[in-house]
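Coordinate analysis (summary)
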Number of protein chains: 4
Amino acid sequence: MFRLGMLTSGGDCQALNAAMRGVVKTLCEKRDDVEIYGFQDGYKGLIYSNFKMLTAKDFSGILTMGGTILGTSRQPFKLMRVPDENGLDKVEAMKHTYHKLNLDCLVILGGNGTHKSANMLREEGLNVVTLPKTIDNDLWGTDMTFGFQSAVDIATDTIDRIHTTATSHSRVFIVEVMGHKVGWVTLHAGIAGGADIILLPEIPYDIDVIAEAINKRGKAGKHFTIIAVAEGAISKEDAKLSKKDLKAKKAKEKYPSVAYELAEKVQKKTDQEVRITVPGHTQRGGSPCAYDRVLATRLGAAAAEAILDSDFGNMLGVKNNKIVRIPLEEVAGKLKYVDPESEIVHEAKLAGISFGDE
Amino acid sequence: MFRLGMLTSGGDCQALNAAMRGVVKTLCEKRDDVEIYGFQDGYKGLIYSNFKMLTAKDFSGILTMGGTILGTSRQPFKLMRVPDENGLDKVEAMKHTYHKLNLDCLVILGGNGTHKSANMLREEGLNVVTLPKTIDNDLWGTDMTFGFQSAVDIATDTIDRIHTTATSHSRVFIVEVMGHKVGWVTLHAGIAGGADIILLPEIPYDIDVIAEAINKRGKAGKHFTIIAVAEGAISKEDAKLSKKDLKAKKAKEKYPSVAYELAEKVQKKTDQEVRITVPGHTQRGGSPCAYDRVLATRLGAAAAEAILDSDFGNMLGVKNNKIVRIPLEEVAGKLKYVDPESEIVHEAKLAGISFGDE
Amino acid sequence: MFRLGMLTSGGDCQALNAAMRGVVKTLCEKRDDVEIYGFQDGYKGLIYSNFKMLTAKDFSGILTMGGTILGTSRQPFKLMRVPDENGLDKVEAMKHTYHKLNLDCLVILGGNGTHKSANMLREEGLNVVTLPKTIDNDLWGTDMTFGFQSAVDIATDTIDRIHTTATSHSRVFIVEVMGHKVGWVTLHAGIAGGADIILLPEIPYDIDVIAEAINKRGKAGKHFTIIAVAEGAISKEDAKLSKKDLKAKKAKEKYPSVAYELAEKVQKKTDQEVRITVPGHTQRGGSPCAYDRVLATRLGAAAAEAILDSDFGNMLGVKNNKIVRIPLEEVAGKLKYVDPESEIVHEAKLAGISFGDE
Amino acid sequence: MFRLGMLTSGGDCQALNAAMRGVVKTLCEKRDDVEIYGFQDGYKGLIYSNFKMLTAKDFSGILTMGGTILGTSRQPFKLMRVPDENGLDKVEAMKHTYHKLNLDCLVILGGNGTHKSANMLREEGLNVVTLPKTIDNDLWGTDMTFGFQSAVDIATDTIDRIHTTATSHSRVFIVEVMGHKVGWVTLHAGIAGGADIILLPEIPYDIDVIAEAINKRGKAGKHFTIIAVAEGAISKEDAKLSKKDLKAKKAKEKYPSVAYELAEKVQKKTDQEVRITVPGHTQRGGSPCAYDRVLATRLGAAAAEAILDSDFGNMLGVKNNKIVRIPLEEVAGKLKYVDPESEIVHEAKLAGISFGDE
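Being a predicted model, the structure only gives us computed values, none of them experimental.

Cut-offs used in this document
- Residues numbered from 1 in each chain as written.
- Chains lettered and ligands numbered in written order.
- Predicted model: local features only at pLDDT ≥ 70, side-chain atom pairs only at ≥ 80, totals over all residues.
- Heavy atoms only, no water.
- Contact = heavy atoms within 4.5 Å.
- Buried area = accessible area lost by both parts, 1.4 Å probe.
- Salt bridge = Lys/Arg side-chain N within 4 Å of Asp/Glu carboxyl O.
- Polar contact = N/O pair within 3.5 Å; in protein donor to acceptor, adjacent residues only side chain to side chain.
- Helix = DSSP H or I, 4+ residues; strand = E, 2+ residues; numbered from the N terminus.
- Nonpolar A, V, L, I, M, F, W, Y, C, P; charged D, E, K, R; others polar.
- Least-squares fit on C-alpha atoms with pLDDT ≥ 70 in both.
- Pairing = 2+ DSSP bridges.
- Axes fitted to C-alpha atoms, helices over the stretch in contact; angles between N-to-C directions.
- Phe/Tyr/Trp six-rings, centres within 6.5 Å; stacked < 30°, edge-to-face > 60°.
- Buried < 20%, exposed > 50% of the residue type's maximum accessible area, 1.4 Å probe, protein only.
- Lys NZ or Arg CZ within 6 Å of the ring centre and 35° of its normal.
- Disulfide = S-S within 2.5 Å.
- Parallel < 35°, antiparallel > 145°, perpendicular 65-115°, else oblique.
- Left-handed = near helix turned anticlockwise from the far one by under 90°.
- Core = buried A, V, L, I, M, F, W, Y, C linked by side-chain atoms within 4.5 Å.
- UniProt positions renumbered as here; feature names shortened; annotations may be inferred.
- Expected span 1.5 Å × (residues − 1).
- Domains from an automatic or database assignment.

Some details on the interface of chain A and chain B
Contacts between the two partners involve 32 residues from chain A, matched on the other side by 31 residues from chain B. Taken together, both faces of the contact between chain A and chain B bury some 2,300 Å²; the carbon and sulfur share is 53%. If you look at where chain A meets chain B, you find 0 salt bridges. For the interface between chain A and chain B, the tally reads 10 residue pairs in polar contact (both at pLDDT 80 or more). If one sorts the elements of the side of chain A that touches chain B by residue count, helix H5 (residues 148-168) of chain A sits on top with 7 residues. Partitioned by chemical class, the residues of the side of chain A that touches chain B number 7 nonpolar, 18 polar and 7 charged.

See below:
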């Protein structure tokens, strides 16, 4: 008997179900003695031993479904060692569940925070294999995460729709794209949607540079401008502040989100009408795109293969188009940022896109 | 020689180009002496005699294009008789342009405000034919306007995407749908997207009824709730205020939009996490859906037929699946609201949707 | 206890699940003693007493799903009275199942053939309520069936994609749209997709008229032509043949489908390269469009209301935007054809579309 | 003055316009003395000196448009040295046009055949830079071509729609995907769409293996099977025939396409109903997906950079996520096939997909 535990943690995204299906289909092709324990709502299910017994059939027909059939929740890493309201040590509770159920392995799907906890469970001696899920594409150790391309598609579709309105009216449109710490979705959707200005957390902006780019367009007879801005985009002045001072400043300004702050600044500097669109959570919803389904299926199959090899403690990722196993200790706690000097940013600038920095 | 003037006014929406194409293709099939004057940016182009000479070719290939090739702008009816900054009387200026160019007819595409101005031009003796454009579907005299079904599709897609996230997390999601005065898009997208609660300007809500509906779902094991709310949705208390008092109250509260106000109230009453999504201008952008293209093409062809009949002063509309000509004086200044007692609201309630009213 | 039987019959289409959800949600809102028997694979399930017991929960989350959770099959009306391979009389078997299970009512979702059988069951004394499902929109007694608008969307999308290729190459493109007996989908998708020529079963074509339309476009500098042809489109000569002679002719010619026949004729007459696209079954697959979801939900709720009223023997349909109950004996055995003299055909011709007839 | 010639050749595909826009935007950002000669309908325009003078404005707003604003045609490489009907040597004619117009460089966008001709022009001394356009993804020297991912999206959408019908009926569905020589689109769309069997030109199939896979599904309670088959898929027996014998056999059998041949074989072997869907040219039409827009924009910008560097004779491609310049002599005349032993095929097999070979 092979006892497989599985959980999805953090914000949901596209292709979680596709990836789990890949794991289960592969395992059940190779062995007919697999027992699957699906923990509910992320680590919470492991902590409180809340699970469903599943079979291969439960993973049939879910390739195209958004969300996760296991449910998910956020369990911040820094609270993992903090006892719960009943004094329960969460890490010990997870280990207890694992051993009580006599699990052979735990497959964990998640993003950055999830991987820190997964690495801790590995250190505690559990057999862990992980899969890189996040629309943000910010996981260290893999070129690509599933969810990312689907999110890019949705954000691009938003910019496309705004484009038709923009060309009919003369205005500045701001589309706020998901990404608090990294700008991958904004960068790709901005290029794909034909945004004129792209603002990323990794490249602090100067409002005067933005205003100049808008005015330059006006002089060239283009009376609208589309700005794709990541949730975490930051001005050059704010980038110089300490974390604490920045937090205090934001608390005082009370903008609902960065788009509102930017809109106010642009309006002041250019005297143009500004409109805001925030696609928000739609970016992580709906059926995964073909790209993500292929990636998730491949990673899922490769995870099962690693399990069959009894090779634990890795995240499955992709490097130069090859599926690779990356040690969890290399992945945990590191973020993959957009490099301001990277080729793609360079090419985008060549093609006339302003990043508000120069 | 037949001289046709054409303009699009108000917010842009889907199928404006499709409708103009229908007019021009039909006219140019029947007569080969048509001269087309495309006024730029709505009534503004007529006021300041800013136009492009167009041919049938310019209307080829635009069936599927969002926006309007003529550009558009909002020219509030109540400012029409107010002289511009140079003292120019706008109505006289429009008449002047019309007569100077020796136009035989003016085709005007627009929504509610646009029709008030169009009717005024008719009263001033111009030959006017209009087409009902608005995502709001609030034009009196027609069962359906083009743009509406496309907007419903987009708002529904938004709710669909939110659904996959909602089922993976346990939360209340609020989707704010366009419609300041009327709730047509919210009503249809809410039903189509499977919203649990639909809030419309026409049916003032009671926050306690909403909280009860959410709690009832929780008791039935459904730990998420989706609320589709129209921009102009209003509480029962606010509905009792005078216009002036309401405006003052809103100014004081400073919510970015209704969704934020509702979110705060729901959070207080139910202690659930609430998330907001505002698709905003995307609802009026992008390629029109098949339904709108058929409707716009039919209305455009019918408008051309009316012109060939020298039958002016009407809006083309649809009544019980028939294309009809409705006198502008009947249309102007009236809104078509969702009737709280209507069949569709009744059926939606039957199927378990709460409108927050009872 | 209220015992509800339900089945879906004939080819699958979009919004079957949405309609069943509407029925069940409404019934279960009003009564808490409903028992649901879901017969498998259409009438077959009723004949062989093959069913699943379902609850309201089984109908949760299926609003957006294509296909039918009950499965479906074709059971031709004319074979209903023909005993099966074991000598079983199918009609008696269906009555037996109905009475054995002590059903209070049977909800049947289907198209034209399905309604003939449903009417027969009514005549045999069963309480039957039906819902109009078909992409063909050919059911008598209702302005609209669910599935139709979704199919139009898909066929239109196909024409849209062909358009971009067509404008890049100089060719004739034939898109074959579903519809053996009626041309509704082809008519609407043809107009929506900007087809230059539309060929319907109801309007026999003359190949010389088609060739002339293509050549006329060439002279006007348009080097591609898009033809939307219904599966059952027919030439004027073939339309004159007896059913038997026509069948013999078709059997001899052996074209895979009408598009291949037409392609050969067009190529001969115009010496242009011709390409064929047959979207086929995709037209009945995938998630229903917003329009169909609203329609299906409304009809489902109205069907439940009729059941609660103990008003049986009707199909729920829509007439002039009102939901109505139409006696099954009026519906059964009649088809709703495209009228060649109708307003929509007239308007399409005005806008320059050729129907190959004149 | 910098004189840039540009042409698109071969079948059209998505993102041709996006790539040309990338080239032009970049060049015109860096130099303001660029003259653009857009040759019409591929090499034909260069041969017969048929071109349009274009400006940066002509490339504005085309990022999202399918097809190519320059038109395209197929000009087989092997006929390039064959004089035309007036005795004109085509290669000399192209050189003549190039020198007569005093071009500084020629940007050529195309697939495999196009690159052979482009390399010949390079050998003849012209400054050539090329971009890898093809939905087939079969160009040697680049990991990815633009058009590919968009085609995968469309083919996947087709399989998705068929899936809902397949689960409602019990049948075998065959979806024929583009790819005469290589199976990239079929492989990716097959995995993404959840096909049960994938048949590629690179992996000859055994009909008995296919029948067994279908029957195995039946025994596991899955009564439908979806087969994704590339246009050029071939049986093991046919793969053994000489080219000439195979051609003769195909001519005799007269199947409209491979799907019809396969359908007949499957029906015979399994006694199951079989349905065919051929999305055909839709796979190369419509707006490019976000992935292709980003790729095309990057490659376009990089091509302009190569031009500014006066570095000619290369195709721009992508290798391990880096944009690279690959000498045309390395690219010309070679195809990039799916390796039957590759990682992705291995993973697909792990996840239970049959390739009909074992």
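So, next bit.
Digging into the relation of the copies chain D and chain A
Rotating chain D by 180° and translating it 0.0 Å along the rotation axis places it on chain A, where the RMSD comes to 0.0 Å. Considering both components of the superposition, the chain copies are consistent with a two-fold axis. Judged by C-alpha distance, Asn320(D) is the residue of chain D that lies nearest the rotation axis, at 2.2 Å.

Quick notes on the sheet that holds strand E9 (residues 225-230) of chain B
Residues and elements named next belong to chain B. Taken together, the 4 strands give an open sheet; going across it, the order is E8-E9-E7-E10, and neighbouring strands pair in parallel fashion. Every interior strand has two partners, whereas the edge strands, strand E8 (197-199) and strand E10 (274-277), have only one. Direction aside, the axes of adjacent strands within the sheet are offset by 20° on average. Bridge analysis of E8 against E9 gives 3 bridges, and the strand direction is parallel. Of the residues in E9, the one forming a bridge with Leu199 is Val229. Contacting strand E7 (172-177), E9 and E10, helix H5 (residues 148-168) runs over the sheet at an angle of about 170° to E7.

What to know about the arrangement of the chains
The least C-alpha distance between chain A and chain C, which are not in contact, is 10 Å. The two units chain B and chain D remain apart, with a minimum C-alpha distance of 10 Å.

Digging into the side chain of Thr97(A)
Residue and element names in this part refer to chain A. For Thr97, the location among the structural elements is in helix H3 (residues 90-100). A polar atom in the side chain of Thr97 sits 2.6 Å from the backbone oxygen of Leu46. Excluding anything up to four places from it in sequence, Thr97 contacts Phe39, Leu46, Ile47 and Ser49.

A look at the packing of aromatic side chains
Counted according to the given criterion, the structure contains 10 aromatic pairs over all chains. With a centroid separation of 5.4 Å and 65° between ring planes, the pair formed by Tyr37(D) and Phe51(D) is classed as edge-to-face. Highlighted residues: Tyr37(D) in strand E2 (residues 34-39) and Phe51(D) in strand E3 (residues 51-54), separated in sequence by 14 residues. For Tyr37(D), a relative accessible area of 8% translates into the label buried. Connected via pairs of aromatic rings, a cluster forms that spans Tyr37(A), Phe39(A) and Phe51(A). Between the NZ or CZ atom of Arg217(B) and the centre of the ring of Phe224(B), over which it lies, the distance is 5.2 Å.

So, the interface of chain D and chain A
With 43 residues of chain D at the contact, the number on the chain A side is 43 residues. Taken over both partners, the interface formed by chain D and chain A buries close to 3,600 Å², and the fraction arising from carbon and sulfur atoms is 53%. In this structure, the connection of chain D to chain A is made through 8 salt bridges. The partner of Glu343(D) in a salt bridge is Arg298(A), with the nearest N and O atoms 2.8 Å apart. Between the two partners, chain D and chain A, sit 14 residue pairs in polar contact (both at pLDDT 80 or more).

Considering the state of the cysteines
Every disulfide links exactly two cysteines, by a covalent bond between their sulfur atoms. Tallied over the entire structure, the rule returns 0 disulfides over all chains. This cysteine, Cys13(B), is not joined by any disulfide, and Cys289(B) carries the nearest cysteine sulfur, 11 Å off.

Looking at the packing of helix H7 (residues 207-219) of chain A against helix H10 (residues 258-270) of chain A
Residues and elements named next belong to chain A. Between H7 and H10, the least distance of the axes is 10 Å, while the angle of their chain directions is 60°. In terms of orientation, H7 and H10 fall into the oblique class. Read as a crossing pair, H7 and H10 show a hand that is right-handed. Contacts between H7 and H10 involve Ile207, Asp208, Ile210, Ala211, Ile214 and Asn215 from the first element and Leu262, Lys265, Val266, Lys269 and Thr270 from the second. Split by residue class, the contact of H7 with H10 holds 6 nonpolar, 2 polar and 3 charged.

A closer look at the environment of Ser242(C)
Residues and elements named next belong to chain C. Looking at the element boundaries, Ser242 is found in the loop between helix H8 (236-240) and helix H9 (243-253). Sequence separation of Ser242 and Glu273 is 31 residues, and the distance between their C-alpha atoms is 33 Å. A polar side-chain atom of Ser242 sits 3.1 Å from the main-chain amide nitrogen of Asp245.

Quick notes on the nonpolar core
Of all hydrophobic cores here, the largest spans 144 residues; its most connected members are Leu4(A) and Leu4(D). Other than its neighbours up to four places away in sequence, Leu4(D) contacts Val23(D), Leu27(D), Val34(D), Glu35(D), Ile36(D), Tyr37(D), Leu103(D), Cys105(D), Val107(D) and Ile307(D). Counting residues in each nonpolar core, the second largest holds 72 residues, with Val294(B), Ala189(C), Ala192(C) and Leu200(C) among its members.

Side note on the relation of the copies chain A and chain B
Once chain A has been moved 0.0 Å along the axis and rotated by 180°, it coincides with chain B to within an RMSD of 0.0 Å. Take the interface residues of chain A: 97% of them recur as interface residues in chain B, which is what a same-surface contact looks like.

A word on the UniProt feature "active site" (unreviewed entry) in chain A
All names here are of chain A. Annotation from UniProt places "active site" (unreviewed entry) at Asp136. By the element assignment, Asp136 lies in the loop between strand E5 (128-134) and strand E6 (146-147). Residues in contact with Asp136, not counting those within four places in the same chain, are Gly179, Val182, Trp184 and Val185.

Describing H10(A)
All names here are of chain A. In this model, H10 (13 residues) spans 18 Å end to end at C-alpha, consistent with the 18 Å of a helix rising 1.5 Å per residue. Every buried residue belonging to H10 is among Val258, Ala259, Glu261, Leu262, Ala263, Val266 and Thr270, and all of these are buried. A positive phi of about 60° marks Asp271, the residue just after H10.

Points about the domain arrangement of chain A
Residue and element names in this part refer to chain A. Here the domain parsing of chain A yields domain 1 (2-146 + 288-331) and domain 2 (151-284). Taking only C-alpha atoms, the centre of domain 1 and the centre of domain 2 are 34 Å apart. Contact with domain 1, which involves 10 residues of that partner, is made by 10 residues of domain 2. When the area that domain 1 buries against domain 2 is broken down by residue, the three leading residues are Gln14, Ile135 and Asp136, summing to 55%. At the boundary of domain 1 and domain 2, one finds 3 residue pairs in polar contact (both at pLDDT 80 or more). For the side of domain 1 that touches domain 2, the per-class residue count stands at 3 nonpolar, 3 polar and 4 charged.

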